[in-house]
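Observations on the three-dimensional arrangement
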Amino acid sequence: MGRRREMADVRRLLSGSRMVTLTGVGGVGKTRLAIRVGTTLRRAFPDGVWLVELADLRSPESLAAVVCEALQIRDRSARPALELLIDRLRDKQTLLILDNCEHLPADCAVMCDALLRSAPGLRILATSRKSLGIDSEQIVEVPPLTLPNAGTARADGSDAVQLFAERAQAAMPGFAVTDANREAVEGICRRLDCLPLGIELAAAHLRGLSVRQLLSRLDDRFRLSAFGSRAVLPRHQTLRALIDWSYALCTDAERALWARVSVFAGGLDLEAAEQVCAGDGIARADVLDLVAGLVDQSILIREEHPGHVRYRLLETIRQYGRERLTESGTETDFLRRHRDYFQDLAVRGEQEWFGPDQLAWFTRLRAEHGNIRAALEFCLWERSDAAARAGIPIVTSLPSYWLASGLLHEPRRWLDGLLAAASAPTPERAIGLCVNAWLAIVQSDLTKADELLAQGRVLADRLGDPMATAHAAFVSGHAMLLSGRDPGQAAAFFAGALDRYRSLGHREFTAKALCFQALSLSLLRRSDQAAALFEESQRMCEAHGDSWLMASLLAVYGVELWRQGDMSQGRRGTPEHPAQTAVQRPAGHRHQHRGPGVGRR
């Protein structure tokens, strides 16, 4: 609502400048303005308007990768993410919206400068509390919402009053600005410097207060504020005083939950809140009611997703909660709980991926990607062998997710850091080395893959850990197969991995080993043996409702059938799956398949 003049100013600047940054205090509405401008400019940018949310990002190394992810760039090579970005944007007419750059201002500036130099059709609209300092940058200071001067007749049409009325109606259906309450509404907006976030927080309190009571409480709060005279209260301190007041109106348990949910990045669901935040004064059975209370007060924002509900904190509110958590002396404890929860989620994701719920798990992991990233950052931040060792399974449990997402740079970078910090000879390290080698193979970084795999094999053999040795054999088979070195040796490695996976009762990796051993035998022209293994793997996929591995299996099995001269089945896939389409290649073509890979357990 409103902001017509600001929108016109930003559009005008973007028509003549390639970099515009919206600056201003937290809660002034920079993000909302940027998104509205982007929406109105979609026709002007035929290659898209893309929003990149950076509020939860703390690792500079992930910056370009996060932008690649937002732009849906899928590239399995080992090329740096910034190079991929430049290649994608070089000849495109694109508007890139970078939201909340203040967390990594120097890194955002360097990236923006590189992109603008390489992509002449690119425009960037950034939001930040301060400018980024790029030579070509145009700066727009986002002001508070408008409100007529005191004494001016009727403020109903002002941006600030309209926003208050909208949020008040959400808190108290039927609310309207009338002659009886108009003066008090204007007074509330003025007390809050017409800051959008402040107005939204204040309006939520109308569930328990009248408009005049709310104004009176705000007056009292500002008079008693430790910040001093209201006459000299800067805008960011106005918002701080209001958030302090909102915090004071919460119950002790609501305050504790507010602080604890600040460890989440990108939102959370009820299960996560119950697992991470319960205990130490909050009963698990009370978490739902406490969440509902924070939603009622506009502290938590409720978001509908297909089949479930998620919650998130606005960045200013999250930062306040994190300060309170730090003051309580329990920040590290809850960061560890957060890490442990997402380690468990990753392991569960791997265990249940091989089945009918693959799409649901992929969707869930995508929603939790910010939290997974935050958990891994914490593992490295603690700078201990034990912490890094706890992070390795978060990465190694999700190889199919990384592959399906097209995010191969990120897990390699995490594993490089975690393995450097966790040098103790453990099964986690051996599996981490093997998974990192597999990721390098998929990216055709074969020299690095050989180095990592050699270390992983030696450690797995030394420890005698069954899963580590199975993964070492499985990845060794991939190294032989996908490099085109020796399909016979690849078949032997896959056979060894298959025996180990069978003995462990690991159904998914048994099916994978069957598929890749069959592919190796197919390349050796041992068609009968290959067909038998393909069909056994297919039966396992069917029995468990798997789709991910089945798609890869049908592709390579179709090639084998076609090579045998069974053109009908080669085109259709297999007799049991006539609707599936196989990849068709000329006879004798060397098939390099980069399908489902290795994992943790």
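Residues numbered from 1 in each chain as written. Predicted model: local features only at pLDDT ≥ 70, side-chain atom pairs only at ≥ 80, totals over all residues. Heavy atoms only, no water.

1. Comments concerning the layout of surface pockets
Of the volumes computed, that of the second largest pocket is approximately 370 Å³. If you trace the second largest pocket, you find 18 residues lining it, with Arg58, Arg322, Leu335, Ala374 and Glu377 closest to the centre. Looking at which element gives the most residues to the lining of the second largest pocket, the answer is helix H17 (residues 369-381), with five residues. Residues of the lining of the second largest pocket, tallied by class, amount to nine nonpolar, three polar and six charged. (1 Å grid on protein atoms, 1.4 Å probe; cavity = no way out; pocket = protein on both sides within 12 Å on 5 of 7 lines; lining within 4 Å. Points joined across faces, edges and corners; volume = space filled by probe spheres on them. Helix = DSSP H or I, 4+ residues; strand = E, 2+ residues; numbered from the N terminus. Nonpolar A, V, L, I, M, F, W, Y, C, P; charged D, E, K, R; others polar.)

2. Brief notes about the sheet that holds strand E1 (residues 19-23)
One open sheet accounts for five strands, arranged E2-E3-E4-E1-E5; its pairing is parallel. Strands with a single pairing partner mark the edges of an open sheet, and in this sheet they are strand E2 (49-53) and strand E5 (137-141). Pairs of neighbouring strands in the sheet enclose a mean axial angle of 20°, with direction left out of account. Note that E1 and strand E4 (residues 122-128) share five bridges and pair parallel. Within E4, the position partnered with Val20 by the bridge is Leu125. Taken strand by strand, helix H5 (residues 105-118) contacts E1, strand E3 (94-99) and E4, and its axis lies near 165° from that of E4. (Pairing = 2+ DSSP bridges. Axes fitted to C-alpha atoms, helices over the stretch in contact; angles between N-to-C directions. Contact = heavy atoms within 4.5 Å.)

3. Examining the confidence of the model for the protein chain
The pLDDT averaged across the protein chain works out to 89; a share of 90% of its residues lies at or above 70. pLDDT under 50 marks residues 226-233. Its contacts with residues more than four places away, or in other chains, come to 15 contacts. When the criterion is pLDDT under 50, residues 574-594 qualifies, and its contacts beyond four places in sequence or with other chains add up to 53 contacts. (pLDDT = per-residue confidence, 0-100.)

4. Some points on the side chain of Asn181
Summarising the element assignment, Asn181 is placed in the loop between helix H6 (159-171) and helix H7 (182-191). Separated by 2.7 Å, the side chain of Asn181 and the backbone nitrogen of Thr178 make a polar contact. If sequence neighbours within four positions are ignored, Asn181 has contacts with Phe175, Ala176 and Val211. (Polar contact = N/O pair within 3.5 Å; in protein donor to acceptor, adjacent residues only side chain to side chain.)

5. Details of the packing of helix H25 (residues 507-523) against helix H26 (residues 527-544)
As a packed pair, H25 and H26 sit with axes 8 Å apart at the nearest point and diverge in direction by 155°. As summarised for this structure, H25 and H26 are arranged roughly antiparallel, according to the angle between their axes. Every pair of crossing elements has a handedness; the one defined by H25 and H26 is left-handed. Contact residues: Arg507, Thr510, Ala511, Leu514, Cys515, Gln517, Ala518, Leu519, Leu521 and Ser522 in H25; Gln529, Ala530, Leu533, Phe534, Glu536, Ser537, Met540 and His544 in H26. (Parallel < 35°, antiparallel > 145°, perpendicular 65-115°, else oblique. Left-handed = near helix turned anticlockwise from the far one by under 90°.)

6. Considering the packing of aromatic side chains
Evaluated as defined, the whole model comprises 17 aromatic pairs. Between Phe362 and Tyr401, the aromatic rings sit 5.8 Å apart at their centres with planes inclined by 50°, giving tilted as the arrangement. With a gap of 39 residues between them, Phe362 in helix H16 (residues 358-367) and Tyr401 in helix H19 (residues 399-405) connect regions that are remote in the sequence. Taking 5.5 Å as the distance between ring centres and 55° as the angle between the ring planes, the aromatic pair formed by Tyr401 and Trp402 counts as tilted. Each member of the pair, Tyr401 as well as Trp402, is classed as buried. Feature note: the residues Phe474, Phe494, Tyr501, Phe509 and Phe516 constitute an aromatic cluster, connected by ring pairs. (Phe/Tyr/Trp six-rings, centres within 6.5 Å; stacked < 30°, edge-to-face > 60°. Buried < 20%, exposed > 50% of the residue type's maximum accessible area, 1.4 Å probe, protein only.)

7. As for the packing of helix H11 (residues 252-261) against helix H14 (residues 315-328)
Their axes nearest at 7 Å, the elements H11 and H14 cross at an angle of 105°. Classified by the angle their axes make, H11 and H14 are roughly perpendicular. Across the interface between the two elements, Trp258, Ala259 and Arg260 of H11 pack against Ile317, Tyr320, Gly321, Arg324 and Leu325 of H14. For the contact of H11 with H14, a count of residues per class yields five nonpolar, one polar and two charged.

8. Digging into the environment of Gly355
In this structure, Gly355 sits in the loop between helix H15 (331-353) and H16. When near neighbours in sequence (up to four residues on either side) are disregarded, Gly355 contacts His544, Gly545 and Asp546.

9. Quick notes on the pairing of E4
Along E4, seven of the seven residues are buried, which leaves the element largely enclosed by surrounding structure. Where burial is concerned, the two faces of E4 agree: the one with Leu122, Ile124, Ala126 and Ser128 and the one with Arg123, Leu125 and Thr127 are both buried. This β-α-β element, E3 to H5 to E4, shows right-handed connectivity. (Right-handed = clockwise from strand over helix to strand, strands pointing away.)

10. Regarding the pairing of E3
The buried fraction of E3 is high, at six of six residues. Along E3, one buried face is formed by Thr94, Leu96 and Leu98 and the opposite face, lined by Leu95, Ile97 and Asp99, is buried too. Inspection of the sheet shows E2 paired to E3 by five bridges, in the parallel sense. Bridging across to E3, Val52 finds its partner in Leu98.

11. Digging into the state of the cysteines
As enumerated under the stated definition, the model contains zero disulfides in all. Cys101 carries a free sulfur, and the closest cysteine sulfur to it, the one in Cys108, is 3.9 Å from it. With relative accessibility at 0%, the residue Cys101 sits in the buried group. Of the cysteine sulfurs around Cys515, a residue in no disulfide, the closest is that of Cys541, at 7.6 Å. Of the residues examined, Cys515 reaches a relative accessible area of 1% and is grouped as buried. (Disulfide = S-S within 2.5 Å.)

12. Focus: the pattern of salt bridges
Within the structure shown, the criterion is met by 44 salt bridges. Across the pair Arg364 and Asp269 runs a salt bridge, and its minimum N-O distance is 3.9 Å. In this pair, Arg364 sits in helix H16 while Asp269 sits in the loop between H11 and helix H12 (270-277), placing the two residues 95 residues apart along the sequence. The class for Arg364 is partly exposed, based on a relative accessible area of 21%. (Salt bridge = Lys/Arg side-chain N within 4 Å of Asp/Glu carboxyl O.)

13. Some words on the nonpolar core
General note: in soluble globular proteins, nonpolar side chains tend to be found buried as a group. Formed by 160 residues in total, the largest nonpolar core has its most connected members in Leu125 and Phe164. Apart from the residues lying within four places of it in its own chain, the contact partners of Phe164 are Phe175, Val185, Ile188, Cys189, Ile199, Ala203, Leu206 and Leu214. Core analysis: the next-biggest nonpolar cluster, separate from the first, contains 33 residues, Ala64, Val66, Leu89 and Leu122 among them. (Core = buried A, V, L, I, M, F, W, Y, C linked by side-chain atoms within 4.5 Å.)

14. Digging into unusual backbone geometry
Unusually for a residue other than glycine, Gln72 sits at a positive phi of about 60°. Tracing the backbone through its elements, the reader meets Gln72 in the loop between helix H3 (63-70) and helix H4 (81-89). Unlike most non-glycine residues, Cys194 shows phi in positive territory, near 55°. Relative to the assigned elements, Cys194 resides in the loop between H7 and helix H8 (196-204).

15. Looking at helix H24 (residues 487-504)
Taking 1.5 Å of rise per residue, 18 residues should cover 26 Å, and H24 covers 25 Å from first to last C-alpha, within 8% of that figure. Along H24, the positions that sit buried rather than exposed are Ala490, Ala491, Phe494, Gly496, Ala497, Leu498 and Tyr501. Of the surrounding elements, those touching the buried residues of H24 are helix H23 (466-482) and H25. With a side-chain oxygen lying 3.0 Å from the backbone nitrogen of Gly488, the N-terminal cap of H24 falls on Asp486. Directly after H24, the chain includes Gly505, whose backbone phi takes a positive value near 75°. (Expected span 1.5 Å × (residues − 1).)

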